[in-house]
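Each chain, letter by letter, is given below.
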Amino acid sequence: MKLVLFGATGMVGSRIATEASARGHQVLAVSRSGQSPVPGVTATAADATDPAKVAEVARGADAVASACVPPRDGSDPRGPFLALNEALVAGVRAAGVGRLLVVGGAGGLEVAPGQALSDQPGFPEAYLPEARAHRDVLAYYRSLDDGLDWTYVSPAAEIAPGTRTGRFRVDGDQFMTDDQGRSFISAEDYAVAFVDELERHEHPRTRMSVAY
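Here the structure is a predicted model, which means the values were calculated and not measured. (Residues numbered from 1 in each chain as written. Predicted model: local features only at pLDDT ≥ 70, side-chain atom pairs only at ≥ 80, totals over all residues. Heavy atoms only, no water.)

Colleague: Explain the side chain of histidine 25 here, please?
Modeller: By the secondary structure assignment, histidine 25 is in the loop between α1 (11-22) and β2 (26-31). On the basis of relative accessible area, histidine 25 is assigned to the buried category, the value being 13%. Only 2.7 Å separates the side chain of histidine 25 from the side chain of glutamate 199, close enough to count as a polar contact. Every residue in contact with histidine 25, bar those within four places of it in the chain, is listed here: Met1, Ala20, Val195 and Glu199. (Helix = DSSP H or I, 4+ residues; strand = E, 2+ residues; numbered from the N terminus. Buried < 20%, exposed > 50% of the residue type's maximum accessible area, 1.4 Å probe, protein only. Polar contact = N/O pair within 3.5 Å; in protein donor to acceptor, adjacent residues only side chain to side chain. Contact = heavy atoms within 4.5 Å.)

So, in structure tokens, the structure goes:
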């Protein structure tokens, strides 16, 4: 499978590139720098906010994936991050690619029906802008009605470099914790779940979540 991966040099994107390449998929790693996150993976420089450039690099792909993150420059990231995803979708459409997988956030996961994690007392103030940006983006994808086959993949509340075990749980909108009440996934196992979805196509036009 040919995968065009935007945001490929970040913590999560680089691990998705590693996992997909290890399984024999052809990965084009796209970032502003144009650096390859994995030896042997082809890389190119492109701006995900430019629909024409997205279309140029995505043309001929079986799927496009985005591991792009909201801006972390202290400003409100909601508008810019939504605009990035709108540009990404426009470029994917123009390229004629029907499938888009998106690295999502955990803040919009439900601790109870209709109750998002990021709305709960004690949710860290520092993470609220990014959580709100991700929630806006998910709402945007859910509003699409043109048949674009998207999947939004939410990690656990904590995601960090760790070990690839291949053992984790997959759900939908629900916020998952382990027996100790912790919500965690290694970036390596998140990448396993992400590439599993790329291959198995089990969650079209919906959100899935991943945690231990």
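Once you've had a look at it, read on.
Colleague: Even after reading the chapter, I still don't get the packing of aromatic side chains, so can you show me in this structure?
Modeller: Aromatic ring pairs are defined here through the distance separating the ring centres and the angle between the ring planes. Applying the stated criterion across every chain, the model contains four aromatic pairs. Each ring, one from tyrosine 141 and one from tryptophan 150, has its centre 5.8 Å from the other, and the planes form 40°; the classification is tilted. You can call tyrosine 141 buried: its relative accessible area is 0%. Here the aromatic rings of phenylalanine 184 and tyrosine 212 are separated by 5.8 Å at their centres, their planes lie at 40°, and the arrangement is tilted. On the criterion of sequence distance, the pair formed by phenylalanine 184 in strand β11 (residues 184-186) and tyrosine 212 in the segment after β12 (206-211) is long-range, its members being 28 residues apart. (Phe/Tyr/Trp six-rings, centres within 6.5 Å; stacked < 30°, edge-to-face > 60°.)

Colleague: Please clarify how the environment of methionine 11 should be interpreted in this entry.
Modeller: In this fold, methionine 11 is placed in helix α1. Owing to a relative accessible area of 33%, methionine 11 belongs among the partly exposed residues under this scheme. Dropping the residues within four chain positions of it, methionine 11 is found in contact with Ile159, Ala160, Pro161 and Ala187.

Colleague: Explain the pattern of salt bridges to me, please; I cannot follow it from the model alone.
Modeller: Pairing is possible between side chains of opposite charge, provided their charged atoms come close. Evaluation of the coordinates by the stated rule reveals 15 salt bridges. The partner of glutamate 199 in a salt bridge is arginine 23, with the nearest N and O atoms 2.8 Å apart. One end of the pair, glutamate 199, is in helix α5 (residues 187-200); the other, arginine 23, is in the loop between α1 and β2, with 176 residues separating them in the sequence. Its relative accessible area of 26% is what places arginine 23 among the partly exposed residues. Of the charged contacts, one joins aspartate 76 and arginine 78 as a salt bridge, the two residues approaching to 3.5 Å between their closest N and O atoms. Through salt bridges with shared partners, one network takes in Glu19, Arg23, Arg164, Asp196, Glu199 and Arg200. (Salt bridge = Lys/Arg side-chain N within 4 Å of Asp/Glu carboxyl O.)

Colleague: Whenever I open this one, the nonpolar core confuses me. Can you help?
Modeller: Across soluble globular proteins, you tend to see nonpolar side chains buried next to one another. With 31 residues, the main nonpolar core has Val4, Phe6, Val64, Leu100 and Tyr141 as its most contacted residues. Mapped by element, the contributors of at least two residues to this core are β1 (2-6), β2, α2 (51-58), α3 (78-95), β5 (99-103), α4 (128-143) and β8 (149-154). Not counting residues up to four positions away in its chain, the partners in contact with tyrosine 141 are Asn85, Leu88, Val89, Leu100, Val102 and Trp150. If you look at the next biggest cluster of nonpolar residues, it comprises 29 residues, including Ala20, Ala156, Met176 and Ala193. (Core = buried A, V, L, I, M, F, W, Y, C linked by side-chain atoms within 4.5 Å.)

Colleague: Help me understand the sheet that holds strand β4 (residues 63-66) in this model?
Modeller: One key point about sheets: their strands pair by backbone hydrogen bonds, in either a parallel or an antiparallel sense. Strand order in this open sheet of eight strands is β3-β2-β1-β4-β5-β8-β12-β10, and the pairing throughout is mixed. Strands at the two margins of the open sheet, each flanked by one partner only, are β3 (42-45) and β10 (169-171). Averaged over all pairs of adjacent strands, the angle between strand axes in this sheet comes to 20°, irrespective of strand direction. Bridge count between β10 and β12: three bridges; the pairing is antiparallel. Residue valine 170 lies in a different strand from β12, and its bridge partner there is valine 210. (Pairing = 2+ DSSP bridges. Axes fitted to C-alpha atoms, helices over the stretch in contact; angles between N-to-C directions.)

Colleague: How should α3 be read in this particular structure?
Modeller: Compared with an ideal rise of 1.5 Å per residue, which puts 18 residues at 26 Å, α3 spans 26 Å between its outermost C-alpha atoms and is within 8% of the ideal. Among all positions of α3, only Phe81, Leu84, Asn85, Ala87, Leu88, Val89, Gly91, Val92 and Ala95 are buried. Residues of α3 that are buried in the fold lie against β1, α2, β4, β5 and α4. One or two steps after α3, the chain reaches glycine 96, where phi turns positive at roughly 80°. (Expected span 1.5 Å × (residues − 1).)

Colleague: I keep staring at unusual backbone geometry and nothing clicks. Help me out?
Modeller: Residues other than glycine predominantly adopt negative phi, and peptide bonds predominantly adopt the trans conformation. Phi is positive for histidine 201, which is not a glycine, with a value near 55°. Here histidine 201 shows up in the loop between α5 and β12. Histidine 201 gets classed as partly exposed once you look at its relative accessible area, which sits at 35%. Although it is not a glycine, arginine 205 adopts a positive phi angle of roughly 55°. Residue placement: arginine 205 occurs in the loop between α5 and β12.

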